[in-house]
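For reference, the chains in residue letters:
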Amino acid sequence: MLPFSRGQFLGNLVAYNEAIWPVQLAAFAIGILAVVLLIWRPRMADRLIAAILAVMWLWTGAAYHWLHFAEINSAAYIFAALFVAQAAVLGYAGVGKGQLSFRVYSGTAASVGISLIVYAAVLYPLLGIWTGHAYPEMPVFGVTPCPVTIFTLGFFLLAKPPVSPGLFAIPLIWSLIGGSAAFLLGMPQDWLLLVSGVIAFSLTVASRRKSRIGWSQL
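Residues numbered from 1 in each chain as written. Predicted model: local features only at pLDDT ≥ 70, side-chain atom pairs only at ≥ 80, totals over all residues. Heavy atoms only, no water.

(A) Here's a closer look at the pattern of salt bridges. This structure, assessed with the given rule, holds 2 salt bridges. Notably, a salt bridge pairs aspartate 46 with arginine 41, separated by 2.7 Å at the nearest N-O pair. A residue is classified by how much of its surface remains accessible, and aspartate 46, at 14% relative accessible area, is buried. The exposure class of arginine 41 is partly exposed, given its relative accessible area of 28%. Across the pair arginine 103 and aspartate 46 runs a salt bridge, and its minimum N-O distance is 3.7 Å. (Salt bridge = Lys/Arg side-chain N within 4 Å of Asp/Glu carboxyl O. Buried < 20%, exposed > 50% of the residue type's maximum accessible area, 1.4 Å probe, protein only.)

(B) Inspection of the nonpolar core at higher detail. Phe9, Phe69, Leu90, Phe151 and Phe155 are the most contacted members of the largest nonpolar core, which has 63 residues in total. Looking at this core, the elements that each hand over two or more residues are helix 1 (6-20), helix 2 (23-40), helix 3 (45-66), helix 4 (76-96), helix 5 (108-130), helix 6 (145-156), helix 7 (165-185) and helix 8 (191-216). Broken down by element, this core gets its largest block of residues, 10 residues, from helix 3. Those residues in contact with phenylalanine 151, other than ones at most four positions away along the chain, are Gly31, Ala34, Val35, Leu53, Met56, Ile117, Ala120 and Phe141. (Core = buried A, V, L, I, M, F, W, Y, C linked by side-chain atoms within 4.5 Å. Helix = DSSP H or I, 4+ residues; strand = E, 2+ residues; numbered from the N terminus. Contact = heavy atoms within 4.5 Å.)

(C) Structural detail: helix 1. Compared with the 21 Å implied by 1.5 Å per residue over 15 residues, the 21 Å span of helix 1 between its first and last C-alpha is a close match. For helix 1, the full list of buried residues reads Phe9, Leu10, Asn12, Leu13, Tyr16, Asn17 and Ile20. Around the axis of helix 1, the buried residues are gathered within 155° of arc, so they sit on the same side. Of the residues in helix 1, the exposed ones pointing more than 90 degrees away from the buried face are Gly7, Glu18 and Ala19. Buried residues belonging to helix 1 abut helix 2, helix 3 and helix 7. (Expected span 1.5 Å × (residues − 1). Arc of directions from axis to C-beta.)

(D) Fine view of the packing of aromatic side chains. This model, assessed by the stated rule, comprises 18 aromatic pairs. Between tryptophan 57 and phenylalanine 83, the ring centres sit 4.4 Å apart and the planes meet at 35°, which makes this aromatic pair tilted. Of this pair, tryptophan 57 sits in helix 3 while phenylalanine 83 sits in helix 4; the two residues are 26 residues apart in sequence, bridging distant segments of the chain. For tryptophan 57, a relative accessible area of 0% gives the class buried. By relative accessible area, which is 1% here, phenylalanine 83 ends up buried. In textbook terms, an aromatic cluster arises when at least three aromatic residues are bridged by ring pairs, as seen for Phe4, Phe9, Tyr16, Tyr64 and Phe69. The ring centre of tyrosine 105 lies 4.6 Å from the NZ or CZ of lysine 160, which sits over that ring. (Phe/Tyr/Trp six-rings, centres within 6.5 Å; stacked < 30°, edge-to-face > 60°. Lys NZ or Arg CZ within 6 Å of the ring centre and 35° of its normal.)

(E) Spotlight on helix 6. For helix 6, spanning 12 residues, the distance from its first C-alpha to its last is 16 Å, which sits close to the expected 16 Å at 1.5 Å a residue. Counting buried positions along helix 6 gives 12 out of 12 residues, so the element sits mostly inside the fold. Pro145, Cys146, Pro147, Val148, Thr149, Ile150, Phe151, Thr152, Leu153, Gly154, Phe155 and Phe156 are the residues of helix 6 that are buried.

(F) Highlighting the packing of helix 3 against helix 6. Here helix 3 crosses helix 6 at 160°, and the two axes come no closer than 10 Å. For the element pair helix 3 / helix 6, the angle class is roughly antiparallel. As for the relative orientation of helix 3 and helix 6, their crossing is left-handed in sense. Taking contact as the criterion, the partners of Ile49, Leu53, Met56, Trp57, Thr60, Tyr64 and His65 in helix 3 are, on helix 6, Pro145, Val148, Thr149, Phe151, Thr152 and Phe155. (Axes fitted to C-alpha atoms, helices over the stretch in contact; angles between N-to-C directions. Parallel < 35°, antiparallel > 145°, perpendicular 65-115°, else oblique. Left-handed = near helix turned anticlockwise from the far one by under 90°.)

(G) Region of the structure containing the confidence of the model for the chain. In the predicted model, the chain carries a mean pLDDT of 93, and the fraction of residues at 70 or more is 96%. In this model, residues 214-218 is a region of pLDDT below 50 whose contacts with residues beyond four sequence positions or in other chains number 0 contacts. (pLDDT = per-residue confidence, 0-100.)

(H) Region of interest: the environment of phenylalanine 141. Along the polypeptide, phenylalanine 141 turns up in the loop between helix 5 and helix 6. Note: C-alpha distance between phenylalanine 141 and threonine 108 (33 residues apart in sequence) is 25 Å.

(I) Examining a nonpolar patch on the surface more closely. Nonpolar side chains collect at one region of the surface, where Ile39, Val104, Ile114, Val118, Val122, Leu123, Leu126 and Ile129 lie side by side and expose about 700 Å² of accessible area between them. Sorting elements by how many residues they give to the nonpolar patch places helix 5 first, with 6 residues. Its location among the elements puts leucine 126 in helix 5. (Patch = residues over 30% accessible without salt bridge, like charges linked within 9 Å, V, L, I, M, F, W, Y side chains within 5 Å. Areas by Shrake-Rupley, 256 points an atom, 1.4 Å probe, with all protein chains shown as cover.)

Given below as structure tokens:
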């Protein structure tokens, strides 16, 4: 059982969206910028993409979980800490150390990654509207945890070499928590989240194993 009702959850979403407007537009803009950087590949593209993902996790942890969701769920303080920690890891590994490199390439993992990115940015809000959750009564891309997690998992699947399992820990945890809650809250746009973490992690582990085998045969 959840410590809040569906009505409380939706009311909290409305209050959050109204309080932060027009940050949603900025979040969508930097999300599109991340996709443009992925395709265009200018200098510093990888660090900029990692920075964009880190900003989304930081904002969602602090503004959504800590300042708003905690009003109806005390566990949100823990969620906030996890999201801020993920932002710090992305900032350290991707921006500071430059250890993340994103590419559009062929293969199952890349195809799933691209699909998750498109889903998070385009299909997610459309599905929400179609199922009766129009703005402001909807989780918005870039500023709420579920679409941010799906979007990040998509980019992780486009990383070469494959992302380390450590970077997957928090997105995987949230995919299970957020995805499970989606069924109880009647949020069909979040149902994909429940399996996206497991699928993305499994594909990444398989890619890392394949990479090690390839190097050992050289």
